[in-house]
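Summary of the model geometry
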Amino acid sequence: MSTTATPPIGSAPATELKREFTLWSSFAFAFAFISPIVALYGIFGLAISTAGPAFWWTFLIVFGGQLLVALVFAVLVSRWPLEGSIYQWSRGLLGTGYGWFAGWAYLLTLVIAMTTVALGAAGFVADIVGLPSATSGQKALIALAILVAGTLLNLVGRVALKVFLTASIAAEVVGSLGLGTWLLLFHREQPVSALLHGISTDGGGPAYLALSGPFLVAMGYVAFSFVGFESAGSIAEEVREPRRDVPRAVILSLTLIAAVVMYSAAAIILAIPDLDAVLDGTDGDPVSSTLTTQLGAGVATPVEVLFVIGFLASFLALQTSASRVVWAYARDRALPGGRVLSRLSPGTAQPSVALLLVSGVGALLLLLSLVAGDVYTLMINFTTGGFYVAFLFPLLGFVVVQLRGRWRAGPFTLGRGTLPVSVVAAVWALFQLFNIAWPRPVNEQRWLDWSVWIAVGIFAVIGAALYASVRRHVAPAATPDEEAAAVAHEGAGR
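Residues numbered from 1 in each chain as written. Predicted model: local features only at pLDDT ≥ 70, side-chain atom pairs only at ≥ 80, totals over all residues. Heavy atoms only, no water.

1. Some details on the packing of aromatic side chains
All told, the structure shown has 30 aromatic pairs when counted by the stated rule. With a centroid separation of 6.1 Å and an interplanar angle of 35°, the aromatic rings of F73 and F229 are classed as tilted. A residue pair is termed long-range when its members are at least 10 positions apart, and F73 in helix α4 (residues 56-79) and F229 in the loop between α9 (213-222) and α10 (242-271) qualify at 156 residues. Of the residues examined, F73 reaches a relative accessible area of 0% and is grouped as buried. Through a chain of ring-to-ring contacts, three or more aromatic side chains come together here, namely F33, F73, W89, F229, F387, Y388 and F391. (Phe/Tyr/Trp six-rings, centres within 6.5 Å; stacked < 30°, edge-to-face > 60°. Helix = DSSP H or I, 4+ residues; strand = E, 2+ residues; numbered from the N terminus. Buried < 20%, exposed > 50% of the residue type's maximum accessible area, 1.4 Å probe, protein only.)

As structure tokens, then:
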């Protein structure tokens, strides 16, 4: 079996990545990207204070919708197992320009999410080292240190990345499932029926699973829990059997994350000692207060170490994904300075320049958080909506190509269910985007409630200017004959 990637479709064969990832590696990568700890603890307090314990049912709804999206992405990556995932799939579906803007939305979202996760980890690190009341400046410096450390680990090579991600999965799964089981067995305070208790729009009592305003808002928060499964496709050219293994990794990572998150969330809800304090906002951090009350103050540091591991793993996966998208663009001459950005480091064949660029932009965003808080809030609000904007490009493009009768499937296919699944997945993504981006009165400054649309507009203008500067030099997408030749070459190398 060849240890290097086949020449990329539609690109010059001067640069090749090493195929050092397996099914497990690609699964671990996507799992770490989502991270059950980041997925749950990042949104738990917001969701339960918005819709009550009944928000738990939104996990099932969002997982169902995202599973349809994952199935479509598995189909697409099976045909185009190329570095850059959403960028490459959209480009293959509807051409160079369409793919360029799909990748642009995805790349911006990845970089902003990477910075957000670094800041999230910084808060836990500050608590561990004895700075419970760390200033925003101190947290930014800690986040910058995390960014530098992550970059160095990524530059070492894929082996170091695989070892860390595998260790983080073990810590997260054992920690999440073990902690949840302990709470359910020995510290349950609420009846199971508490999971049906919601907050109605008029504040008059329970809203039993009604699709009310609070329930829809909670769905928007939970949407953050189930994005990132597509990242397995970002490293497709580094996987040994990508057409077979990456589709599996996409689906399995989402499914396992959903199981862990829903189990852990139910355990925490049923262990909350004072549910009324959580619902009326008196208890602003129900996860921390529940764990401290039920397990003692001494558990705080070990749990926070576990949180840091989860956040760091997610950060590394985000950083790696973003660097691969940059590299895929550069290889296709779709970014200024593409010749430099497409370079691979000797020996490890890592896209080191692309990694450094991504890290540099992340550092600038951290500095921006210190001097322009409102602008940074705008970008953070964009993160979850940004994923759905990016998802819509390949989803809608896939529907269009099928309706035109031009689709040719790869090894993984949904058969006759392909069109129905892709249509429902696209409708779901549209619904979630509008649900997330709906300008509900949440922020003190009303314009921040429009932050997703404002960010989309700003980034679209910047992207249009950037694309205009490179469009004449972008390598064209592959023809069907070139794709067939690449597949044959890939098969011959095994």
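2. Re a nonpolar patch on the surface
A cluster of nonpolar residues, L396, L430, F434, W450 and W453, forms a patch on the protein surface that exposes about 450 Å² of accessible area. Along the polypeptide, F434 turns up in helix α17 (residues 418-437). (Patch = residues over 30% accessible without salt bridge, like charges linked within 9 Å, V, L, I, M, F, W, Y side chains within 5 Å. Areas by Shrake-Rupley, 256 points an atom, 1.4 Å probe, with all protein chains shown as cover. Salt bridge = Lys/Arg side-chain N within 4 Å of Asp/Glu carboxyl O.)

3. Some points on α9
With seven of 10 residues buried, α9 is to be regarded as a mostly interior element. What α9 keeps buried is the set P214, F215, V217, A218, M219, G220 and V222.

4. Observations regarding unusual backbone geometry
One non-glycine residue with positive phi stands out, namely S35, at about 60°. At A349, a position not held by glycine, the phi torsion is positive, near 55°. Mapping A349 onto the fold places it in the loop between α14 (338-341) and α15 (352-371).

5. What to know about the confidence of the model for the protein chain
Looking at the protein chain, the pLDDT average stands at 86 and 90% of residues meet or exceed 70. Segment residues 1-14 is flagged for pLDDT under 50; beyond a separation of four residues in sequence, or across chains, it makes 37 contacts in the model. In the predicted structure, residues 201-211 sits below a pLDDT of 50 and forms 18 contacts with residues beyond four places in sequence or in another chain. (pLDDT = per-residue confidence, 0-100. Contact = heavy atoms within 4.5 Å.)

6. Here we look at the side chain of T418
With respect to the element layout, T418 can be found in helix α17. Residues contacting T418, with those up to four places away along its chain left out, are F398, Q402 and T413.

7. Quick notes on the packing of α4 against α9
The N-to-C vectors of α4 and α9 enclose an angle of 60°; their axes lie 9 Å apart at closest approach. Our classification of the angle between α4 and α9 gives oblique. As for the relative orientation of α4 and α9, their crossing is right-handed in sense. Where α4 approaches α9, its residues W57, T58, F59, I61 and V62 are matched on the opposing element by F215, A218, M219 and V222. Classifying every residue of the contact of α4 with α9 by side-chain character gives eight nonpolar, one polar and no charged. (Axes fitted to C-alpha atoms, helices over the stretch in contact; angles between N-to-C directions. Parallel < 35°, antiparallel > 145°, perpendicular 65-115°, else oblique. Left-handed = near helix turned anticlockwise from the far one by under 90°. Nonpolar A, V, L, I, M, F, W, Y, C, P; charged D, E, K, R; others polar.)

8. Overview of the pattern of salt bridges
Summed over the entire model, instances satisfying the criterion amount to eight salt bridges. E20 is paired through a salt bridge with R158; the nearest N and O atoms lie 3.7 Å apart. One end of the pair, E20, is in the segment before α1 (23-34); the other, R158, is in helix α8 (residues 158-186), and 138 residues separate them in sequence. For E238, the salt bridge is made with R158, and the minimal N-O distance between the two is 2.5 Å. Taken together, the residues E238 in the loop between α9 and α10 and R158 in helix α8 connect sequence positions 80 residues apart. Of the two residues, E238 and R158, neither departs from the other in class, the shared state being buried. When salt bridges that share partners are traced, they join E20, E83, R158, E238 and R324 into one network.

9. Some words on the side chain of T383
Counting through the fold element by element, T383 comes out in helix α16 (residues 373-403). If near-sequence neighbours (up to four positions away) are discounted, T383 is found in contact with T109, I112, A113, T116 and F224.

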